[in-house]
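Fold and contact review
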Amino acid sequence: MMLLQLTDIHKRYESPGAVAATEVLKGVTLRVKDGESVAIVGPSGSGKSTLLNIIGSLDKPTSGRVLLNGQDLSQQDEKSLAAIRSRQIGFVFQLHHLLPQCTVLENVLVPTLVAGRDGAAERADRLLERVGLSGRLSYRPGQLSGGERQRVAVVRALINAPKLLLADEPTGSLDQAASDNLAELLVELNHEEGTTLLVVTHSTDLAGRMDRMLELTDGSLVEKDNLK
Ligand SMILES: Nc1ncnc2c1ncn2[C@@H]1O[C@H](COP(=O)(O)OP(=O)(O)OP(=O)(O)O)[C@@H](O)[C@H]1O
Ligand SMILES: [Mg+2]
């Protein structure tokens with residue numbers, strides 16, 4: 001079954017003061033099967049974050065259609081979009097957006113306040129242990145290293161066991177060991193919970209662990225050979 005279908009997505013930004021608008025996405029078409037793992041690579045500024053935001057319904061395309069689980073996102077009102085985001089999608093943002101006044105454990109549990117899942121605290125403990133943060137449960141983001149914050153953001157995105165995980169450079173500020181560990185966690189969740197992965201990354205290691213690799217260049221997606 002297709003979990004995600006993008007058809008001819010265009011995105012134009014009307015930049016303030018700019019003479020011409022920039023067209024970042026120029027006809028992106030993508031089909032992702034339920035349970036698949038996909039890496040998206042491409043140069044800085046090519047529109048990878050823009051594309052993830054559109055898929056996650058945080059931004060709207062200028063034209064084109066996004067179907068998630070057969071539902072057309074452009075046909076949903078804000079309330080249903082919020083429900084879809086909270087129940088079906090996990091986000092790891094490039095800038096991780098942790099709440100500075102909350103502890104690690106509280107940050108991780110925020111999404112469960114909306115979706116209300118049983119066993120959330122146990123899952124939080126298990127996932128935080130899995131990424132090596134058991135000793136940091138009551139730290140605040142300001143007391144964590146960049147890589148530790150990034151791992152908290154990943155756990156928060158996974159706490160509601162989303163159908164689809166959208167991750168923007170999840171290993172961006174991690175060293176080799178932490179990055180390997182996180183890549184393994186993502187692959188495990190993909191296998192064990194059937195989480196569909198859409199991961200933007202500059203890491204050839206992480207990209208190589210996904211089922212497919214796509215490159216965003218000149219506004220469209222091109223399938224790359226993945227030597228997995
Ligand atoms: N809100 C916005 N208004 C105007 N232009 C924008 C906006 N957001 C992004 N852009 C432009 O769109 C282009 C693509 O940005 P995007 O953040 O999607 O790139 P990216 O591929 O994620 O890059 P990176 O690898 O550096 O994160 C950039 O040239 C950027 O300046
Ligand atoms: Mg980006």
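Before reading on, note that the structure itself is shown above.
Residues numbered from 1 in each chain as written. Chains lettered and ligands numbered in written order. Predicted model: local features only at pLDDT ≥ 70, side-chain atom pairs only at ≥ 80, totals over all residues.

This paragraph deals with the site of ligand 1. The immediate surroundings of ligand 1 are formed by Y13, S15, V24, G42, S44, G45, S46, G47, K48, S49, T50 and Q94. Per-element tally for the shell around ligand 1: the top contributor is helix α1 (residues 48–55), with three residues. A breakdown of the residues in the shell around ligand 1 according to their chemical character gives two nonpolar, nine polar and one charged. (Near = placed C-beta within 6 Å. Helix = DSSP H or I, 4+ residues; strand = E, 2+ residues; numbered from the N terminus. Nonpolar A, V, L, I, M, F, W, Y, C, P; charged D, E, K, R; others polar.)

Quick look at the sheet that holds strand β10 (residues 220–224) now. The six strands are arranged β6-β7-β8-β3-β9-β10 in an open sheet whose pairing can be described as mixed. Each edge of the sheet is formed by a strand with only one pairing partner; in this case those strands are β6 (89–92) and β10. Neighbouring strand axes in the sheet, compared pairwise and without regard to direction, differ in orientation by 20° on average. In this structure, strand β7 (residues 164–168) lies alongside strand β8 (residues 196–200), joined through five bridges in parallel fashion. Paired with L165 across the two strands is L197, which belongs to β8. With respect to the sheet, α1 is in contact with β3 (37–41), β7, β8 and β9 (212–217), its orientation differing from that of β7 by roughly 155°. (Pairing = 2+ DSSP bridges. Axes fitted to C-alpha atoms, helices over the stretch in contact; angles between N-to-C directions. Contact = placed C-beta atoms within 7 Å.)

Relative to the elements of secondary structure, Q75 occurs in the loop between β5 (71–72) and α2 (78–88). A sequence separation of ten residues divides Q75 from R65, and the C-alpha atoms of the two residues are 9.8 Å apart.

If you check helix α5 (residues 146–158), its first and last C-alpha atoms are 19 Å apart, about what 13 residues at 1.5 Å a residue would give, namely 18 Å. Among the 13 residues in α5, eleven count as buried, and that is most of the element. For α5, the full list of buried residues reads E148, R149, Q150, R151, V152, A153, V154, V155, R156, A157 and L158. (Expected span 1.5 Å × (residues − 1). Buried ≥ 20, exposed ≤ 12 C-beta atoms within 10 Å, placed from the backbone.)

Judged by nonpolar contacts, the single largest core of 56 residues is most densely connected at A39, I40, V155, L166, L198 and V199. Considering each element in turn, this core owes the most residues, six residues, to α5. Discounting residues that sit within four places of it in the chain, L198 has contacts with V32, V38, I40, I55, L164 and L166. (Core = buried A, V, L, I, M, F, W, Y, C linked by C-beta atoms within 7 Å.)

Before going further, it helps to examine the pairing of strand β4 (residues 63–68). Where strand β1 (residues 2–13) meets β4, five bridges bridge the pair, whose relative direction is antiparallel. Note on β4: the bridge partner recorded for H10 is S63. As judged from the two bridges shared by β4 and β5, these two strands associate in the antiparallel manner. Counted as the bridge partner of L67 is D72 from β5.

The next subject is the pairing of β6. Because side chains alternate across β6, one face comprises the buried residues I89 and F91, and the other comprises G90 and V92, equally buried. Taken together, the four bridges between β6 and β7 define a ladder with parallel strand orientation. Counted as the bridge partner of F91 is L166 from β7.

As for its position among the elements, A157 is in helix α5. The spacing of A157 and I89 is 68 residues in sequence and 8.0 Å in space, taken between C-alpha atoms. Contact partners of A157, with chain neighbours within four places excluded, come to G90, F91, V92, L165 and A167.

With that settled, the discussion passes to the environment of R136. Positionally, R136 belongs in the loop between α4 (120–130) and α5. By the C-beta count within 10 Å, which is 19 here, R136 ends up partly exposed. Sequence spacing of R136 and E148 is twelve residues, and the spatial spacing of their C-alpha atoms is 9.0 Å. Apart from the residues lying within four places of it in its own chain, the contact partners of R136 are V104, L144 and E148.

Now for α4. Of all the positions in α4, only A124, L127 and L128 are classed as buried. In an axial view of α4, the angular spread of the buried residues amounts to 100°, which keeps them on one side of the axis. Those residues of α4 that are exposed and angled more than 90 degrees off the buried face are E122 and R126. G132 sits one or two residues past α4 and shows a positive phi near 80°. (Arc of directions from axis to C-beta.)

Purely geometric numbers; function is a separate question.
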